[in-house]
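Tertiary structure, described
Chain by chain, the residues:
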Amino acid sequence: MITDLSHGLFTRAQELIPGGVNSPVRAFKSVGGEPFFAHRAKGSYLFDVDGNRYIDYVGSWGPMVAGHAHPKVLEAVFNAAREGLSFGVPNPLEVTMAETLTRMVPSCEMVRMVNSGTEATLSAIRVARGATGRSRIVKFEGCYHGHGDSFLVKAGSGALTLGQPDSPGVPKALADLTLTLPYNDFDAATALFEQYGEEIAGLIIEPIAGNMNCILPRDGYLQHLRALCTQYGAVLIFDEVMTGFRVAPGGAQQVYGVTPDLTTFGKIIGGGMPVGAYGGRRDLMQQVAPAGPIYQAGTLSGNPVAMAAGLATLELVRQPGFHAELKAKTEMLCDGLEAAAKEAGVPVTTNRACGMFGLFFTDRKVHSFADATACDTAAFKRFFHGLLQRGVYFAPSAFEAGFLSTAHSELDIELTIEAARAAFREV
Ligand SMILES: Cc1ncc(COP(=O)(O)O)c(CN[C@@H](CN)CCC(=O)O)c1O
């Protein structure tokens, strides 16, 4: 595979950009080698600057649930951009977006647009602290909620990928206010709330974890957390930046029938443009400035071009059969991967939800951070490169979920399974 132009670009980038990338997980650090540089993308494919094509299972880390460069999304962006890029006063698309989000996710009685998932989770935690007057928050080992100081404690995604689940630069006084729990451990959650319950402002969780690879909540787990937060007056926050509109039209909260007090969004609601949002109970959201005293702001929040991209994507997501198709393709891929691994005699298990999946090199089911970190990451590394050489791009980390789109054809999936069959033999 020719990668000369990507190599040249990466060499230049490393001189001027930390690690040569604008987001750590893109650097291939945990899998080795160098990232390819994209020239363009279309549907289920990425095309790099050296002319290589990849079947893409990262999808810009989630936004591309309807495929790259969808004509309806591009048309919406072009039409909005012609009218101006940013006004600094409200625009009608912000109202349409708020009406769309609150209709699709009924727990969100009100919503505020921001520009990234990180901003959304930062803001949601501030609302929880401001509304309760309490300071402690609870997060889960291996969950990632963006790079906000309070969250870089036993974090997942890039922090876990780099082996740095905590981060320098986060004051100890602040980090001490973040309590962490093991995911899917009922008793640990009960014990923590018995000890700290009256001091906990909020608990934030990925209702389906996608940042320690893909891990599903055990039956009744989210309901257990809901009951604890209600009992102790803590704000239950579902971080649906990744799961929102992907695993169901109404997100993971629709799948599991659990109503959080606040929800955070990102990725799909921007359709590839920088967008995040947070929303929830009216009595909480009414405390956000300028309606209330809890301050949060953003120059480009609700930007008309970004709103147009997000609204066009959500329109596609709402089409009848969208999630049924996405789920069927996810099952087809995961069943095929497990079968290919079995043929090669390689212990592999998958976790799957509509549109997202996890591949683990282990012969055991994976339900927790400890299970995920016990898997054979060296095998994953070899498998990743075996796929890449065959034109299939999985997330360059053993601790990231994979993503499908409705643009992935059955042929794409069959070709992926064929490539995996060969790559498993090299593991
Ligand atoms: C559940 C969840 N919550 C919040 C975030 C942060 O969103 P952003 O600030 O990157 O838009 C994310 C971001 N996800 C990572 C990948 N797992 C983004 C990729 C990257 O960091 O480059 C998330 O998954």
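About the cut-offs
- Residues numbered from 1 in each chain as written.
- Predicted model: local features only at pLDDT ≥ 70, side-chain atom pairs only at ≥ 80, totals over all residues.
- Heavy atoms only, no water.
- Core = buried A, V, L, I, M, F, W, Y, C linked by side-chain atoms within 4.5 Å.
- Buried < 20%, exposed > 50% of the residue type's maximum accessible area, 1.4 Å probe, protein only.
- Helix = DSSP H or I, 4+ residues; strand = E, 2+ residues; numbered from the N terminus.
- Contact = heavy atoms within 4.5 Å.
- Pairing = 2+ DSSP bridges.
- Near = heavy atom within 4 Å.
- Polar contact = N/O pair within 3.5 Å; in protein donor to acceptor, adjacent residues only side chain to side chain.
- Areas by Shrake-Rupley, 256 points an atom, 1.4 Å probe, with all protein chains shown as cover.
- Nonpolar A, V, L, I, M, F, W, Y, C, P; charged D, E, K, R; others polar.
- Salt bridge = Lys/Arg side-chain N within 4 Å of Asp/Glu carboxyl O.
- pLDDT = per-residue confidence, 0-100.
- Expected span 1.5 Å × (residues − 1).

**Quick word on the nonpolar core**
- Grouped together as the largest cluster of nonpolar side chains are 102 residues, with contacts concentrated most on Phe245 and Phe394.
- Of the residues forming this core, the biggest block, 10 residues, is contributed by helix 11 (residues 304-317).
- Contact partners of phenylalanine 394, with chain neighbours within four places excluded, come to Tyr57, Val58, Leu337, Phe357, Leu359, Phe383, Phe384, Leu387 and Thr416.
- If you look at the next biggest cluster of nonpolar residues, it comprises 18 residues, including Val114, Phe151, Ile237 and Leu262.

**Remarks on the sheet that holds strand 3 (residues 53-56)**
- Spatially, 4 strands are ordered 1-2-3-13 in an open sheet, and the strand pairing comes out mixed. Every interior strand has two partners, whereas the edge strands, strand 1 (38-42) and strand 13 (392-393), have only one.
- Across 2 bridges, strand 3 lies against strand 13 in parallel orientation. Bridge assignment links isoleucine 55 to a residue of strand 13, and that residue is valine 392.

**Regarding unusual backbone geometry**
- For the peptide bond that leads from alanine 289 to proline 290, omega is 0 degrees, which places it in the cis range.
- Inspection of the secondary structure puts proline 290 in the loop between helix 10 (282-285) and helix 11.
- Although it is not a glycine, tryptophan 61 sits at a positive phi angle of roughly 70 degrees.
- By secondary structure assignment, the location of tryptophan 61 is in the loop between strand 3 and helix 2 (71-82).
- Residue tryptophan 61 is classed as buried on the basis of its relative accessible area, which comes to 15%.
- The backbone of asparagine 213 shows a phi angle near 65 degrees, a positive value even though the residue is not glycine.
- Along the chain, asparagine 213 falls in the loop between strand 7 (200-205) and helix 8 (221-232).
- Classification of asparagine 213 as buried rests on a relative accessible area of 2%.

**Section: the environment of leucine 387**
- One can find leucine 387 in helix 14 (residues 377-389).
- Each C-alpha atom of the pair leucine 387 and cysteine 214 lies 19 Å from the other, and the pair is 173 residues apart in sequence.
- With residues up to four places along the chain from it excluded, the contact list for leucine 387 reads Val392, Phe394, Thr416, Ala419, Ala420 and Ala423.

**As for the pairing of strand 5 (residues 136-140)**
- Taking burial as the measure, the 5 residues of strand 5 include 5 buried ones, the bulk of the element.
- Of the two faces of strand 5, the one carrying Arg136, Val138 and Phe140 and the one carrying Ile137 and Lys139 are both buried.
- Where strand 5 meets strand 7, 3 bridges bridge the pair, whose relative direction is parallel. Looking at strand 7, one finds that isoleucine 137 is bridged to glycine 202.
- As paired elements, strand 5 and strand 6 (residues 178-181) share 4 bridges and run parallel to each other. Residue pairing in the sheet places phenylalanine 140 in a bridge with leucine 181 of strand 6.

**Thoughts on the site of the ligand**
- The full set close to the ligand counts 17 residues, and Ser23, Thr118, Asn211, Asp239 and Glu400 are the nearest of them.
- A distance of 2.6 Å separates an oxygen atom of the ligand from a polar atom in the side chain of serine 23.
- Between the ligand and glutamate 400 there is a distance of 2.7 Å, counted from a nitrogen atom to a side-chain nitrogen or oxygen.
- Protein chains shield 87% of the accessible area of the ligand, which is 530 Å² for the free molecule.
- Of the residues assigned to the shell around the ligand, the class counts are 5 nonpolar, 8 polar and 4 charged.

**A word on the pattern of salt bridges**
- Per the stated rule, a full pass over the model turns up 15 salt bridges.
- Close ionic contact of glutamate 325 with lysine 329 constitutes a salt bridge, the shortest N to O distance being 2.6 Å. Of this pair, glutamate 325 and lysine 329 both sit in helix 12 (residues 322-344), 4 residues apart, roughly one helical turn.
- Given the relative accessible area of 11%, lysine 329 is considered buried.
- Here glutamate 418 makes a salt bridge to arginine 421, at a shortest N to O gap of 2.6 Å.

**As for the sheet that holds strand 12 (residues 356-360)**
- Sheet architecture is open: 3 strands sit in the order 11-12-14, paired in antiparallel fashion. At either end of the open sheet lies a strand with only one pairing partner, and these are strand 11 (349-353) and strand 14 (402-403).
- Alignment of strand 11 against strand 12, held across 5 bridges, turns out to be antiparallel. Looking across to strand 12, one finds that asparagine 351 is bridged to glycine 358.

**Focus on the confidence of the model for the protein**
- Scored by pLDDT, the protein comes out at a mean of 97, with 99% of its residues at no less than 70.
- Among the prediction metrics, the complex's ipTM stands at 0.99, with pTM recorded as 0.98.

**Overview of helix 11**
- Spanning 14 residues, helix 11 covers 20 Å between terminal C-alpha atoms, matching the ideal 20 Å at 1.5 Å per step.
- Within helix 11, 13 of the 14 residues are buried, which leaves it mostly tucked inside the rest of the structure.
- One side-chain oxygen of the residue at the start of helix 11 lies 2.9 Å from the amide nitrogen of valine 305, identifying that residue as asparagine 303.

**Points about the pairing of strand 3**
- Here strand 2 (residues 45-48) pairs with strand 3 via 3 bridges, running antiparallel. If you follow leucine 46 over to strand 3, its bridge partner there is tyrosine 54.
- The hairpin turn running from strand 2 into strand 3, its antiparallel successor, is 4 residues long, and glycine 51 in that turn takes a positive phi close to 90 degrees.

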